[in-house]
Amino acid sequence: MSEPQTLFADGFDSAIIGITSDRINGVERVVYDAWKMVEVLVERDNMRPTEALEYLEFNTFTAYVGEGTPIYVDVMTREEIEQRLEEQ
């Protein structure tokens, strides 16, 4: 069995916002801004924003490829988070 490794989402380096460390298994995971990834597909592949988001949701955000699978986040301020929680 191979050691867990940190994985990257190919072609989305400009959307990287950091790295996190999983203290349980010790694997660092790359963190991406999901909306910047949408922007990459819009600019690079001439997709419409809704098409890019659908593509990423189906092919990337839900994919699990091991303990080093990247994390995709919706970057928000505290106020935006609180507002979203109030709407639920």
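**Quick word on helix α2 (residues 49-61)**
Phase 1: Here α2 spans only 15 Å end to end across 13 residues, well under the 18 Å set by a 1.5 Å rise per residue.
Phase 2: Every buried residue of α2 is accounted for by Ala 52, Leu 56 and Thr 60.
Phase 3: Packed against the buried residues of α2 are α1 (34-45) and β3 (71-73).

**Quick look at the pairing of strand β2 (residues 28-33)**
Phase 1: In this structure, strand β1 (residues 16-21) lies alongside β2, joined through 5 bridges in antiparallel fashion. Paired with Thr 20 across the two strands is Arg 29, which belongs to β2.
Phase 2: Linking β1 back to β2 in an antiparallel pair, the connection comprises 6 residues, with Gly 26 at a positive phi of about 75°.

**As for the side chain of Thr 60**
Phase 1: Here Thr 60 lies in helix α2.
Phase 2: By relative accessible area, which is 13% here, Thr 60 ends up buried.
Phase 3: Not counting residues up to four positions away in its chain, the partners in contact with Thr 60 are Met 37, Tyr 55 and Tyr 72.

**Section: the confidence of the model for the protein**
Phase 1: The share of residues in the protein with pLDDT of 70 or more is 97%, and the mean pLDDT across the chain is 92.
Phase 2: Put simply, β1 is where the protein has its lowest mean pLDDT, 92, and α1 is where it has its highest, 98.

**Quick look at the packing of α1 against α2**
Phase 1: Between α1 and α2, the least distance of the axes is 9 Å, while the angle of their chain directions is 120°. Comparing their axes, α2 and α1 come out oblique. Two packed elements cross with a definite hand, and for α1 against α2 that hand is right-handed. Every residue of α2 that contacts α1 at Ala 34, Trp 35, Met 37, Val 38, Leu 41 and Val 42 is listed here: Pro 49, Ala 52, Leu 53, Tyr 55, Leu 56, Thr 60 and Phe 61.
Phase 2: In terms of residue class, the contact of α1 with α2 is built from 12 nonpolar, 1 polar and no charged.

**Here we look at the sheet that holds β1**
Phase 1: Taken together, the 3 strands give an open sheet; going across it, the order is β1-β2-β3, and neighbouring strands pair in mixed fashion. Every other strand in the sheet has two partners, leaving β1 and β3 as the edge strands with one partner each. Going across the sheet, the axis of each strand differs from the next one's by a mean of 30°, ignoring polarity.
Phase 2: Here α1 sits on the sheet in contact with β1, β2 and β3, set at roughly 65° to β2.

Analysis parameters
As a convention, each chain's residues are numbered from 1 in the sequence order in which they are written. For this predicted model, a pLDDT threshold of at least 70 governs which residues receive local features, and a threshold of 80 or more governs which side-chain atom pairs are given and counted, while totals over whole chains, interfaces and linings are taken from all residues. Where side-chain values are given, they derive from all heavy atoms of the structure, hydrogens and water being excluded. Secondary structure elements follow DSSP: runs of H or I no shorter than four residues count as helices, runs of E no shorter than two count as strands, and numbering proceeds from the N terminus. By this rule the span expected of a helix is its residue count minus one, scaled by 1.5 Å. To sort residues, take the accessible area from a 1.4 Å probe on protein chains only and compare it with the maximum for the residue type: under 20% means buried, over 50% means exposed, and anything in between is partly exposed. Contacts are residue-level and defined by heavy atoms, with any inter-residue pair within 4.5 Å sufficient. Should DSSP find at least two bridges between two strands, the strands are taken to pair. Within a predicted model, pLDDT stands for the predictor's per-residue confidence, ranging from 0 to 100. Every angle, taken between N-to-C directions, lies between 0 and 180 degrees, and every axis is a line fitted to C-alpha atoms, over only the stretch in contact when it is a helix. When an angle is under 35 degrees it counts as roughly parallel; over 145 it counts as roughly antiparallel; between 65 and 115 it counts as roughly perpendicular; any other value is oblique. Left-handed is the label given to a crossing in which the near helix is rotated counterclockwise from the far helix by less than a right angle, and right-handed is the label when the rotation is clockwise. By the convention adopted, Pro, Cys, Tyr, Trp, Phe, Met, Ile, Leu, Val and Ala count as nonpolar, Lys, Arg, Asp and Glu as charged, and the other residues, Gly among them, as polar.

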